[in-house]
Amino acid sequence: MKSSSVAMPLFTTRAIEDFPIGNILLRDHNAATAIVGLRVHPHAWLTPEDLALITPATPTLLDEQRTPLAWLGDSPEMASAIVANSSFIIVHPWDLLRANELYVASLTGASIHGEIHPNAVIDGTLHLGPGTRILPGVFIEGNVVIGKNCKIGPNCYIRGNTSIGDHCHIGQSVEIKNCLILSHTNVGHLSYIGDSVLGEHINLGAGTTTSNLRHDGKNHRSMVNGTLIDTGRRKLGAIIGDGVHTGINTSIYPGRQLWPNTTTRPGEIVQHDLLPLITDH
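Residues numbered from 1 in each chain as written. Predicted model: local features only at pLDDT ≥ 70, side-chain atom pairs only at ≥ 80, totals over all residues. Heavy atoms only, no water.

Trainee: Even after reading the chapter, I still don't get the overall build of the chain, so can you show me in this structure?
Mentor: Scanning the chain from terminus to terminus reveals three helices and 35 strands. Computed over its C-alpha atoms, the radius of gyration of the chain comes to 19 Å, within 12% of the 19 Å expected for a compact globule of 281 residues. Projected onto its principal axes, the C-alpha coordinates of the chain cover approximately 60 × 55 × 40 Å. Counting the 281 residues in the chain, one finds 49% classified as buried. Sequence separation of at least 24 residues holds for 34% of the intrachain contacts in the chain that already meet a minimum separation of 6. (Helix = DSSP H or I, 4+ residues; strand = E, 2+ residues; numbered from the N terminus. Rg over C-alpha atoms; globule rule 2.2 N^0.38 Å. Buried < 20%, exposed > 50% of the residue type's maximum accessible area, 1.4 Å probe, protein only. Contact = heavy atoms within 4.5 Å.)

Trainee: When you look at the sheet that holds strand 7 (residues 68-72) in this model, what are you seeing that I'm missing?
Mentor: In any sheet, the strands associate via hydrogen bonds between backbone groups, in a parallel or an antiparallel arrangement. Pairing in this open sheet of four strands is mixed, and the strands run 4-7-6-8 from one edge to the other. This sheet does not close on itself; its edge strands, each paired only once, are strand 4 (38-40) and strand 8 (82-83). Pairing of strand 6 (residues 60-62) with strand 8, which is carried by two bridges, proceeds in the parallel orientation. Of the residues in strand 8, the one forming a bridge with L62 is V83. (Pairing = 2+ DSSP bridges.)

Trainee: Help me out: how do you make sense of the pairing of strand 7 in this one?
Mentor: Both faces of the sheet carry side chains from a regular strand, because those side chains alternate between them. Of all five residues in strand 7, four are buried, a share of seventy percent or more. Where strand 4 meets strand 7, three bridges bridge the pair, whose relative direction is antiparallel. Pairing of L38 across the sheet is with L72, part of strand 7. By the bridge criterion, three bridges tie strand 6 to strand 7 in an arrangement that is antiparallel. Considered in strand 7, the bridge of L62 is made with P68. Counting the residues between successive antiparallel strands, the hairpin from strand 6 to strand 7 contains five residues, one of them, R66, with a positive phi of roughly 65°.

Trainee: What should I look at first to understand the packing of aromatic side chains in this one?
Mentor: The geometry of an aromatic ring pair comes down to the distance between the two centres and the angle between the two planes. All told, the structure shown has three aromatic pairs when counted by the stated rule. Note on F11 and F19: the rings are 5.4 Å apart at their centroids and 80° apart in plane angle, and the pair reads as edge-to-face. Taking relative accessible area as the criterion, F19 reaches 0% and is therefore assigned buried. Between the NZ or CZ atom of R14 and the centre of the ring of F19, over which it lies, the distance is 5.1 Å. (Phe/Tyr/Trp six-rings, centres within 6.5 Å; stacked < 30°, edge-to-face > 60°. Lys NZ or Arg CZ within 6 Å of the ring centre and 35° of its normal.)

Trainee: Before we go on, may I ask you to explain helix 3 (residues 93-105) in this structure?
Mentor: An α-helix turns once per 3.6 residues; consequently, residues spaced three or four apart project the same way. Compared with an ideal rise of 1.5 Å per residue, which puts 13 residues at 18 Å, helix 3 spans 19 Å between its outermost C-alpha atoms and is within 8% of the ideal. Counting buried positions along helix 3 yields ten of 13 residues, so the element is predominantly enclosed. (Expected span 1.5 Å × (residues − 1).)

Trainee: I tried to follow the side chain of H29 on my own but got confused; where do I start?
Mentor: Relative to the elements of secondary structure, H29 occurs in helix 1 (residues 26-31). A relative accessible area of 16% places H29 in the buried class. Reaching out from H29, the side chain makes a polar contact with the backbone oxygen of I21 at a distance of 2.8 Å. Ignoring sequence-local partners within four residues, the contact set of H29 consists of I21, I24, W45 and Y103. (Polar contact = N/O pair within 3.5 Å; in protein donor to acceptor, adjacent residues only side chain to side chain.)

So, in structure tokens, the structure goes:
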């Protein structure tokens, strides 16, 4: 058996445009742009302030690498293009986290369709889906999006800017901070998950903890196709693919990738990426 380090764990199971940002697919965010005749790169995250820069005089919006993000007409006009201030192409999982931060932070006005127990505290803007229950002792601070048919708590601490998909369970005394969590994922009690991206159908055992800060305070680096690259993030937790299960009291070093359907044993310390195993026949 041997390991492989191609691609990225979350991008092996769905296209980038099919990832939810604040529980809305990226493709639907881009389809909702209001400019008539605008074409958008399928992996672009566009901010309203950058969209306002697109005019007939400056019909093409570029990122810092001069990749067209959006343009008027059939093809980008590079000669009259303008560089974006805050928009970007999503290439890596931590770019999803960045887009989620921007979107959730921009939300104004609560949207409550689920049930909030009187002993829960909401100190921020909450978008809550139907069928979801917020149990006693839950403290939600900052902007948070939670989908439908979830169970949150009791005694959880959910911090912005976090989005949680549908049919998720965030258990007793769990702390979630600045995360993007997809549907059908469970975070067991007494866990801490910060600055992380979690796929679908994940089950994190009780006491699973992610670290998100290097002792030297430098940016995190992550392995992509055999090369360490700078993520541009001072705080980065784990990138966890679909179907991962962790044993109780698993500890995960910052910036580590757990590939789909990998597992850990109780008390395991994840110092290196957990890669898929390929069997030679």
